[in-house]
Structures are given as structure tokens and as C-alpha cells.
Amino acid sequence: MKIAALFVLLFCLFTGRPPSAPEVRESDRIRIAEAFRISEVLGDTLWPQWNKSPFALLLVTPEHEFLLRHPRPTTDFISIGYDSLLKCDVFYRPRIFETSLLATFPAVNGISTIVIGQPENTDAKRSTRWVLTMLHEHFHQYQSSSPDYFLGVQALGLSGGDESGMWMINYAFPYDSTSVDRQFMFMARKLYEAVLSRGQPEFVVRFKHYQELRKEFRAMLSENDYRYFLFQLWQEGVARYTELRMAELIAREYSPTDAFRSLIDYQSFRREFMQLRANTVLNLRSLSLKGNRRTAFYPFGAGEALLLDQVRPRWREEYLTNKFSLDRLFDQ
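This report concerns the structure included in the present document. Since the model is a prediction, treat every value here as computed from it, not as a measurement.

Glancing now at the layout of surface pockets. Size it by volume and the largest pocket reaches roughly 1400 Å³. Around the largest pocket sit 47 residues that line it, and Ala 103, Thr 104, Glu 137, His 140 and Glu 236 are the ones nearest its centre. When the residues that make up the lining of the largest pocket are grouped by side-chain class, the tally is 17 nonpolar, 19 polar and 11 charged.

Here it is, written out as C-alpha cells:
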């Protein structure tokens, strides 16, 4: 027993963790390290000061949760030491969250944290898609780390007394209104046509037509409903746009590591970009509020951001100073 106790003591002293501590699966370490590396190399290319945003991450596995790059872990987490590949200290605790999660919220000690399951347990499935999803979620950290973000969200007056933040998902938007849905579908179709015509002579006419339809749609909604619509486009739509543009940048300017390429479910970023672009843009042709509910705002907002690339190429520099609405960018 004394020899065993001495072994445990020496193990803890040299490794900084108990001998029974779980470890992050090697394939997950490679995926996460790739996302961190991509963010550091390309993030600031797309968004000003992207790399100043915190990148706190909680990896959810069937048995444990692993916390990375978090500035203030809670006391229920146990350190397993520094990971040289991930370039940060790693902490763990028994699993609390669902293994299928792909979300960002103040999950640990009030800090905006990406909570993400392993690829095979989520909708992302493949490594490349999973990394792009993580970058999408990191963009939400970029949004929420901007000055007065939370005060601004509260000032929207849309929570209805809900302090959990679930109102962002559960807000009673008039999805089932036949007239609202019909106008939205028509507007989404015209948005699709405008996006396809970027850089072509007919773009100006199509863009102006889309602007007119947008004003008509605004007149159909209450003030709160329109404010919620704008918030979702600003928050989730631009996050989808960021995912798409990051995929494009990676495909054009980034060389994945050999370790990432060697993963069994690896798919090239170029192929992921082509699939994501097709899914995002083509979805505009058949978007329905009744059928798609809140998720309709993702491709719709991404489409609007793609239009802004054409009419206001420097719009991203103003994005955080025009919080929760793209209206002023379209109207200028």
C-alpha cells in the first residue's frame, strides 16, 4: 500500500493530475486544435479583432465534459493539466449537458461558452463540418463579447420576463400567419435572385426590388415582431454567413494539418464550402416560415449579408456598431 501510495503521489506531482483522470480523445484533440489554428490564422481577415474574442469551449462526451480555454472554471471541474497540442489547460467533470449540443451560451460561470458534442453525436457528423460549426459558434462569442451586448439585448424588450435567454428561441413570432408567410416566401425568392446576380448588370434592379419587398414585409409586422426578425438576421443569419465565408477562406488560403487530413471522416474544406453555399443559397428558393420556423432566419440573414458584400463591401467594420439590425446598412 505504501508503494502504491507513493506511486500515486509521484504521478500527480509529475503529471499534475490524478492517475484515473479521463483524457480528451485523440481525434477530438486534433479537431479542436484545427479549429483554434484556423481561427488564429484567418479570423481577423474576416472580422475586425476576431482573435480578441474568448474561445471558451466545453466538449461533451458520453461520460465527461472537458473545459478548454475558460478563464474561470467552476469548482466542479478538475484539472488534468496542460495540453501542448491544444495549448491550454484542460479541466473535466461528469457529464451534465446533452451529447448532441451545438450551442453557445453562458454555460460555465457566466462566461459565453461553446458547448459541443463529439461529431458522431451531433448533426455535424463529419470532422470538417464540425470544425466549421465550431467557428460559427465562436462568432457568437465575438458578438457577445462586444461592449454592451447583453444590455442591448435586454433593451430590445422582447424577453417577456424570461431571464434564461430562451425567448430568443421561443419568441411567439407569427410563423403561422398565411399573409406573413406568403410575403416572406416571395421576399426570400427575390433575395435568392439578387444573390445570384451579384456582379451582373441586372443586380441593381433586383436589389432595389428586394429592398421594396423588405419594406412591405416590415409594414406587415408589429414593432416587436419586426425587431425580433431583425435580431435573428443580425445574430443567426450573419453567423451562418460567417460559417460560409470562413469555409471559403479556408478552402482558398489555408492548408489543413496532416493530422487533420488523416482523420477517417475528413472531407476537404473546398467540398464543404461548395455544399454549404449550395444549401444556404438554394434554400432561399423555398424558405417558409410555417415550415422552417426560426431556422428560416439563418439562410435568409446569410443571403442579406452576401448582398451587403456587394453593395457595402466594408459593412463588417460597422456590424458591431449597428447592433441587432442590418436595416441601417441596407438603407445607407
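Structure shown, so let's carry the discussion forward.
Now for the side chain of Gln 267. Structurally, the position occupied by Gln 267 is in the loop between helix H9 (258-261) and helix H10 (269-283). Polar side-chain contacts of Gln 267 include one of 3.2 Å to the side chain of Gln 275. Gln 267 has contacts with Arg 126, Thr 128, Glu 272 and Gln 275, leaving out every residue within four places of it along the chain.

It is worth spelling out the packing of aromatic side chains at this point. Across all of its chains, the model carries 36 aromatic pairs by this definition. Ring centres 6.3 Å apart and planes at 50° place the aromatic pair Tyr 210 and Phe 300 in the tilted group. Placement of the pair is Tyr 210 in helix H7 (residues 203-220) and Phe 300 in helix H12 (residues 297-311), with a sequence separation of 90 residues. On the basis of relative accessibility, which here comes to 0%, the residue Tyr 210 falls in the buried class. The residue whose ring lies beneath Arg 69 is Phe 36, and the NZ or CZ to ring-centre distance is 3.7 Å. A cation over an aromatic ring shows up here: Arg 214 above the ring of Phe 330, its NZ or CZ 4.7 Å from the ring centre.

The rules we used
Residues numbered from 1 in each chain as written. Predicted model: local features only at pLDDT ≥ 70, side-chain atom pairs only at ≥ 80, totals over all residues. Heavy atoms only, no water. 1 Å grid on protein atoms, 1.4 Å probe; cavity = no way out; pocket = protein on both sides within 12 Å on 5 of 7 lines; lining within 4 Å. Points joined across faces, edges and corners; volume = space filled by probe spheres on them. Nonpolar A, V, L, I, M, F, W, Y, C, P; charged D, E, K, R; others polar. Helix = DSSP H or I, 4+ residues; strand = E, 2+ residues; numbered from the N terminus. Polar contact = N/O pair within 3.5 Å; in protein donor to acceptor, adjacent residues only side chain to side chain. Contact = heavy atoms within 4.5 Å. Phe/Tyr/Trp six-rings, centres within 6.5 Å; stacked < 30°, edge-to-face > 60°. Buried < 20%, exposed > 50% of the residue type's maximum accessible area, 1.4 Å probe, protein only. Lys NZ or Arg CZ within 6 Å of the ring centre and 35° of its normal.

What is shown is where atoms sit, not what they do.
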